[in-house]
Amino acid sequence: MKGTETRSFSELISELQASAEEVASLARNSEYETDIFTEFAILIDKLMLVLVDIKDNEKVMDNSPIRKAAESFELELRRAKALINNTNSTSLIKQIEDVTQDLGRTLGLIQFASLEGSTGVKEKIGALRKELMNVRFDVCVSPSSELMTVRFDASLSPSSAPTPNPSRESGFGSELESDKEIEEERVSLSLEDVVLQLKYGNDEDFRLALVGLSDFVEDRVVDNEWISDEGVIPILFNRLGSSKCNYRLTIIQILRVLASKNAENKEKMADNAFLSMLVKSLARDVEERREAVGLLLDLSDIPVIRRRSGRIQGCIVMLVAILNGHDSVASDDAGKLLKALSSNTQNALHMAEAGYFKPLVQCLREGSDMTKILMATSLSRMGLTDQRRASLGEDGAIDPLVKMFIAGKLEAKLSALNALQNLSRLTDNFQPLINSGIIAHLLQLLFSVTSVLMTLREPASAILARIARSESILFNEDVAQQMLSLLNLSSPVIQNHLLEALNSIAAHSSASKVRRKIKENGAIQLLLPFLIEGNVKNRTSALNLLYTLSKDSPEDFTEQLGETHLNTIVHIISSSTFETEKAAAVGILSNLPIGDKKATDALKRENLLPILISIMNSSTATATTTMCLLQENVAGLLTRFTDSSDKKLQLLSVELGVIPLLVKLLSIGSVVTKCRAATSLAQLSQNSLSLRKVRKSSWLCVPPADSFCEVHDGYCYVKSTFCLVKAGAISPLIKALEGQERDVDEAVLSALATLLQPELWENGSNYIAKMSGVEALIRVLESGNVTVQEKAVWMLERIFRIEEHRAQYGNSAEVVLIDLAQNGDPRLKPKVAKLLAQLELLQVQSSYF
């Protein structure tokens, strides 16, 4: 047979049924013709019926103790089979009787491990158990055949069964045991034996004593007075701490029965040591844990037990874990027990620390003023995870805390605000806070000049700073205006919170109206003084807000800055040790209009360009959010210094090393960074043709061979002609096209298109093909937007003028081009048709033109 651990419960019982059926059949057909085997077969038949009931109740019967009992069934049935097959044993009858009674004991174990089984099944098990335990076989010899016959009586209880009398006609005479010897061999424990074995018995004796005790309790042989006089409850608890798993389970089950008898038994279980042992069982296997929770729940109507249980280390933590577990019975009982324990405020706090917040929220709603303050204060000090902050929000903690803040006295207001500040760290709680109407009350508090309320202003401003990240705050009209007017009336800490809140509000996608209004109300002039402030946090927050405001109407913004503040911003970029501050400062400058020559000249005088290049060359490759923003803003600012209309400025930039930096940003930057870097490279490359040095016939002035450019058909140098080929920029540009980031396509194509200017298109086409760029162009046709597709078609038209490229790439392009001609944007059709004609796939007279 397979081990019990590898068999399903159904398989296990089925195998027992088959084994029992085999034993019954062997007994009926035994050559040893005696009534003992007939009667034994009848008992086994009854056992098979009980096994059927057990199997039908698999859901509640499948547990570890019953599986252990099944192992005993297997052993006893094998013993029975061996006895039936070997009838020469001199003590056959005694051995069959022992097997029968052992089967009864095993049923007793099943009976006590099946508290959740149906009453009818338990009654059947109990009845058969007694029948098996009480079976006695009396032996006599037939005068004619000398074969043994049996008198079978299974109706007597252990306490009332008379001692069997040997027959005078049996011929056994003195070989029969005396009445006393037979009585000693009977498996029947007295009350005294039970108590003794419960106290001192070894494992097997203790097991039998538990079975006996459970019999006595169930059959009402013993009463509560006997339980009390014999000290049964303390004995059971003392053995609970040292017993094996299965015995602990039975002990707790018996204790539950005793607890159900009367309140006195429950009170005897109120000892701290006893309760501590029960709490330890909460951390053990499923069945024991379930029974321990059930017993603690049964005991929870005793006030002293409720009080003591909550104080036992680990009790509440384990109960919360069980509540959240998968055992529905134990979870339900744990929930009821936690509710019973939560009447104690200290227990409610312990539950909250364990992650079960409903009792705490209930106290916030319905507790006394002092209880509410206690709960809010504790909540403000808890190191909550985001998951627990979410649970508190879902359980309804926000509304009662807001009510405490609005209507409570100073201590209640402070504790509530601090608790709300803790909860506001989670984004999911922003909306409930906004919906609660707290914003108006927070602003009212910030405008207050009452000295006693000053301690409340910092947590109030911190909450505003967080919930301002939700776009829903925009439904509160003029909230940004009110915050702006508070800036000069507040302490540095509150100013920082207000600046963060204003930046969050201004950064929302639908906040253009708000941005315009606060700029009209003098926001820029209010913020500029912060740029020379020593408080780094406030300076950085002010820079972030200025950066956000500079994205709209940059012309007006430049007028308000002036050269003095431009110089201040450059100084911050060069001296700050904080990437966040640098990123915001560079961002402000990158948003200034490129056409503003005064701003460009001022930035040149402050040597901004070498500062930027130094920052980028010394920065780490770690792709933090702040570093990405800094790279994007630097790349944006470089488009000013590479403007194709100002060759002198371009020359200055290139001499300082801007081209290697741009090529580097193409490889490591974000999509925005790559777009801006490609744009600067395109602006530089537009002037490469006019700056090249053509071939000279004089051998005296021939430059080095490696300086000759196959695209520009002359001598090119990175620092003097801004050549993308010599800069090694073509490969990273094509790789950008091959990536998954489609937003970069337009800028990259603009850069590559500079190689296809009228004087260069043939050389440029050959070089792009050489660098595997044609495949990338065809791929862009499939997924780009209309503008990108139009530019790619223009480039392919030039490349496909060359027969070699038509032959190599024409087949790859035609499927995409035909699809564009049929399903693409109407604006593309004439150009696509021209390209198809070029590939000889369409007549020039086609209606596509």
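This text goes with the structure placed above it.
Let me begin by describing the structure that accompanies this report. This structure is a prediction, so every number in the text was calculated from the model and none was measured.

## Topic: the packing of aromatic side chains
For step 1, the next point in the chain: In the structure shown here, the tally under the stated rule is 3 aromatic pairs.
For step 2, the next point in the chain: Aromatic side chains Phe 206 and Tyr 247 sit 5.9 Å apart centroid to centroid with 75° between the ring planes, which places their arrangement in the edge-to-face category. Taken as a pair, Phe 206 in helix 9 (residues 203-218) and Tyr 247 in helix 12 (residues 245-261) lie far apart in primary sequence, 41 residues in all. Tyr 247 carries the same exposure label as Phe 206, and that label is buried.
For step 3, the next point in the chain: When the centroid spacing of 5.5 Å and the interplanar angle of 75° are considered together, the rings of Phe 708 and Tyr 715 count as edge-to-face.
For step 4, the next point in the chain: Taking relative accessible area as the criterion, Tyr 715 reaches 11% and is therefore assigned buried.
For step 5, the next point in the chain: Here Lys 551 stacks its cationic end above the ring of Tyr 547, 4.6 Å away from the centre of that ring.

## Regarding the nonpolar core
For step 1, the next point in the chain: Ranked by size, the top nonpolar core spans 165 residues in total, and within it Leu 401, Ile 573, Leu 589 and Leu 733 carry the most contacts.
For step 2, the next point in the chain: Val 232, Leu 299, Ala 334 and Ala 354 belong to the second-largest nonpolar core, a separate cluster that totals 56 residues.

## What to know about a negative patch on the surface
For step 1, the next point in the chain: A cluster of acidic residues, Glu 192, Asp 193, Asp 223, Glu 225, Asp 229 and Glu 230, forms a negative patch at the surface.
For step 2, the next point in the chain: At the level of elements, helix 8 (191-200) and helix 10 (224-229) are the ones that each hand at least two residues to the negative patch.
For step 3, the next point in the chain: Using a relative accessible area of 58% as the deciding quantity, one classes Asp 229 as exposed.

## Observations concerning the pattern of salt bridges
For step 1, the next point in the chain: Scanning the entire structure with this criterion turns up 33 salt bridges.
For step 2, the next point in the chain: Note that Asp 552 and Arg 515 form a salt bridge whose closest N and O atoms lie 2.4 Å from each other. Here Asp 552 is found in the loop between helix 32 (536-549) and helix 33 (554-575), whereas its partner Arg 515 is found in helix 30 (residues 512-520), with 37 residues between them in sequence.
For step 3, the next point in the chain: Linking Lys 674 and Glu 741 is a salt bridge whose minimum nitrogen-to-oxygen distance equals 3.2 Å. Of this pair, Lys 674 sits in helix 40 (residues 671-685) while Glu 741 sits in the loop between helix 43 (730-738) and helix 44 (745-753); the two residues are 67 residues apart in sequence, bridging distant segments of the chain.
For step 4, the next point in the chain: Judged by its relative accessible area of 30%, Glu 741 is partly exposed.
For step 5, the next point in the chain: Via salt bridges that share partners, Glu 76, Arg 79, Asp 102 and Arg 105 belong to a single interconnected network.

Conventions we followed
Residues numbered from 1 in each chain as written. Predicted model: local features only at pLDDT ≥ 70, side-chain atom pairs only at ≥ 80, totals over all residues. Heavy atoms only, no water. Phe/Tyr/Trp six-rings, centres within 6.5 Å; stacked < 30°, edge-to-face > 60°. Helix = DSSP H or I, 4+ residues; strand = E, 2+ residues; numbered from the N terminus. Buried < 20%, exposed > 50% of the residue type's maximum accessible area, 1.4 Å probe, protein only. Lys NZ or Arg CZ within 6 Å of the ring centre and 35° of its normal. Core = buried A, V, L, I, M, F, W, Y, C linked by side-chain atoms within 4.5 Å. Patch = residues over 30% accessible without salt bridge, like charges linked within 9 Å, V, L, I, M, F, W, Y side chains within 5 Å. Areas by Shrake-Rupley, 256 points an atom, 1.4 Å probe, with all protein chains shown as cover. Salt bridge = Lys/Arg side-chain N within 4 Å of Asp/Glu carboxyl O. Lys, Arg positive; Asp, Glu negative; His and termini not counted. Charge placed at Lys NZ, Arg CZ, Asp CG, Glu CD.

Limitation: the analysis is restricted to geometry and does not speak to function.
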